[in-house]
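Close look at the chain arrangement
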Amino acid sequence: MRLVSTLLIVAAAAGLAGCGPGAGKDTPPLWIIPDMKVQEKYKPQQESPLFADRSASRRPVVGTVSQENYYEDEGYHFGIVNGQYIGKNPLEFNDKVLKHGQRKFNTYCSPCHDRTASGGGIVGKRAGAVFQPANLHKQEIRDKNDGELYSVASDGRRTMMGYRNQISDYDRWAVIAYLRVLQRAGGAKMEDVPENLRSEVR
Ligand code: HEC
């Protein structure tokens, strides 16, 4: 008798498995205590008698400001104010900012642009002619202001994708500060090196 009832329980459990509400790969097959997924609610596009237009989905109240897409300082977030690139990097150039920018540049930009920013990173080498990272020492790129470079790093340009979602605002500005250092170093002359260090330059 005991064997029969055990078998019945096992069979019942097996039969119920996969029958839980919204059962899927990520949900438990059997919900003993239903969680908030199982509740009275309206789904998108559903009708509701509560409102005159019978639509359950309501528009935000007029004048609502999105917290997600509201930036007190648009220039800092986008590098653009009133359709114009902001000219100058808002960060102060100091050791901390530049070291931070170096770290982020080496992490995020160097796979394509290489650590010196000359565009010889591993990705371009493997991708061939179809995807060639730019040499960031080119005069036309040096001539761009900080806001434009920041905007490229944020939202991409032509074949380059943007890194807004991977790299924070502060980090992208630090990257641009460090990119200026690389550009400056790339065009440096012997006169730029302090005299006591010149003998060490090869
Ligand atoms: C996956 C590869 C890849 C990564 C990573 C990458 N870039 Fe690029 N980048 C490119 C390519 C390709 C181009 C050339 C785009 C074109 O002209 O079609 C480019 C072009 C540029 C340009 C020149 C845009 C212009 O006006 O011609 C700048 C500036 C730049 N990248 C900055 C950055 C910075 C800063 C980072 C790091 C945050 C970065 N890139 C990361 C591939 C990459």
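Our subject is the structure listed above.
A brief report on the enclosed structure follows. (Residues numbered from 1 in each chain as written. Predicted model: local features only at pLDDT ≥ 70, side-chain atom pairs only at ≥ 80, totals over all residues. Heavy atoms only, no water.)

**Thoughts on the coordination of the iron atom of the ligand**
Six octahedral donors around a metal ideally sit at 90 or 180 degrees from one another, while four tetrahedral donors ideally sit at 109.5 degrees. Here the iron atom of the ligand is held by the protein donor atoms His 113 (NE2) and Met 160 (SD), which lie 2.0 to 2.1 Å from it. For the iron atom of the ligand, the six donor atoms in the first shell make angles of 87 to 179 degrees at the metal, so the coordination geometry reads as octahedral. Of the two residues, His 113 is situated in helix α3 (residues 95–113) and Met 160 in strand β4 (residues 160–161); the sequence distance between them amounts to 47 residues. On the accessibility criterion, His 113 (10% relative accessible area) is buried. Met 160 sits in the partly exposed class, given a relative accessible area of 25%. (Donors = N, O, S within 2.8 Å, 3.2 Å for Na, K, Ca; no water. Tetrahedral: all angles 85-135°; square planar, octahedral: opposite > 155°, others 65-115°. Helix = DSSP H or I, 4+ residues; strand = E, 2+ residues; numbered from the N terminus. Buried < 20%, exposed > 50% of the residue type's maximum accessible area, 1.4 Å probe, protein only.)

**Some thoughts on the pattern of salt bridges**
In total, this model carries 10 salt bridges according to the counting rule given. Asp 95 serves as the salt-bridge partner of Lys 99, at 3.1 Å between the closest nitrogen and oxygen. With Lys 99 and Asp 95 both in helix α3, this residue pair falls four residues apart, about one helical turn. Residue Asp 171 pairs with Lys 104 through a salt bridge whose shortest N-O separation is 3.6 Å. Separated by 67 residues along the polypeptide, Asp 171 in helix α7 (residues 169–186) and Lys 104 in helix α3 bring together distant segments of the chain. Using a relative accessible area of 12% as the deciding quantity, one classes Asp 171 as buried. If you follow the salt bridges from partner to partner, you end up with Lys 144, Glu 148 and Arg 157 in one network. (Salt bridge = Lys/Arg side-chain N within 4 Å of Asp/Glu carboxyl O.)

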